[in-house]
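Descriptive analysis of the structure
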Amino acid sequence: MSETARARASRRNGRKSTGPKTRAGKQRAAGHARTHGLNLPVLHDPALSHQVEVLASKFVGTDADSRRYELACRIAEAQVDVMRVRQARLPLLEQVETDSDALAQLVRLDRYERRALSRRKSAIRTLVEAAKAKARAVLAN
C-alpha cells in the first residue's frame, strides 16, 4: 500500500471513529457518566474532598511543603476516583447474570477506571521526580 493510499485510508477511518453524530447519540453518550456520578470531579463533593485531604496527608505527611502536598492531592484525587469506580462496579457485578445491560455498563465503567489509574500513575511519577529534584538540589548545596 502506497503512503498516499495509507494516508487516505487513515483519514477515512478517522472520520468514522469520532464519536456519536446524531443529537440522540450525543445525549446518550453524555448521560453515561451521569448515571453513576463519575463525571463529577472529586473536589466538588465535600465528603470526597475530605478523603483527598486525608490521603494526601498520609502520602507526604503533615509537614510537607505546598508543592509536595499539591502533588499528593493529585494522587489522592485519582485514588478516590479509582475507589468510586470500584464501588459503582459492585452492584453491577451482582446483576450480570440477571441483567443483560449490566455487562455493557461494566465495560463503560472500565474506561473511567483506566483513566483514573493513568492519572494516578502520572501523578506518582511527578511526585517522585519532584522529590528527586529536591534531593539533587540539597546535595548540590
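Residues numbered from 1 in each chain as written. Predicted model: local features only at pLDDT ≥ 70, side-chain atom pairs only at ≥ 80, totals over all residues. Heavy atoms only, no water.

**Focus: the pattern of salt bridges**
Following the criterion strictly, the structure yields 8 salt bridges and no others. Between Arg67 and Glu70 there is a salt bridge; the shortest N-O distance is 3.5 Å. One end of the pair is Arg67 and the other is Glu70, both in helix H4 (residues 66–95) and 3 residues apart, which spans about a single turn. In this structure Glu70 comes out as partly exposed when scored by relative accessible area, which is 44%. (Salt bridge = Lys/Arg side-chain N within 4 Å of Asp/Glu carboxyl O. Helix = DSSP H or I, 4+ residues; strand = E, 2+ residues; numbered from the N terminus. Buried < 20%, exposed > 50% of the residue type's maximum accessible area, 1.4 Å probe, protein only.)

**Here's the deal with the packing of aromatic side chains**
For the structure on display, the rule yields 0 aromatic pairs. Stacked on the ring of Tyr112, the Lys or Arg Arg111 has its end atom at 4.7 Å from the ring centre. (Phe/Tyr/Trp six-rings, centres within 6.5 Å; stacked < 30°, edge-to-face > 60°. Lys NZ or Arg CZ within 6 Å of the ring centre and 35° of its normal.)

**Considering the side chain of Arg84**
The topology assignment puts Arg84 in helix H4. The exposure class of Arg84 is buried, given its relative accessible area of 12%. The residues touching Arg84, leaving out its near neighbours within four places in the chain, are Gly37, Leu38, Leu40, Pro41, Val42 and Leu48. (Contact = heavy atoms within 4.5 Å.)

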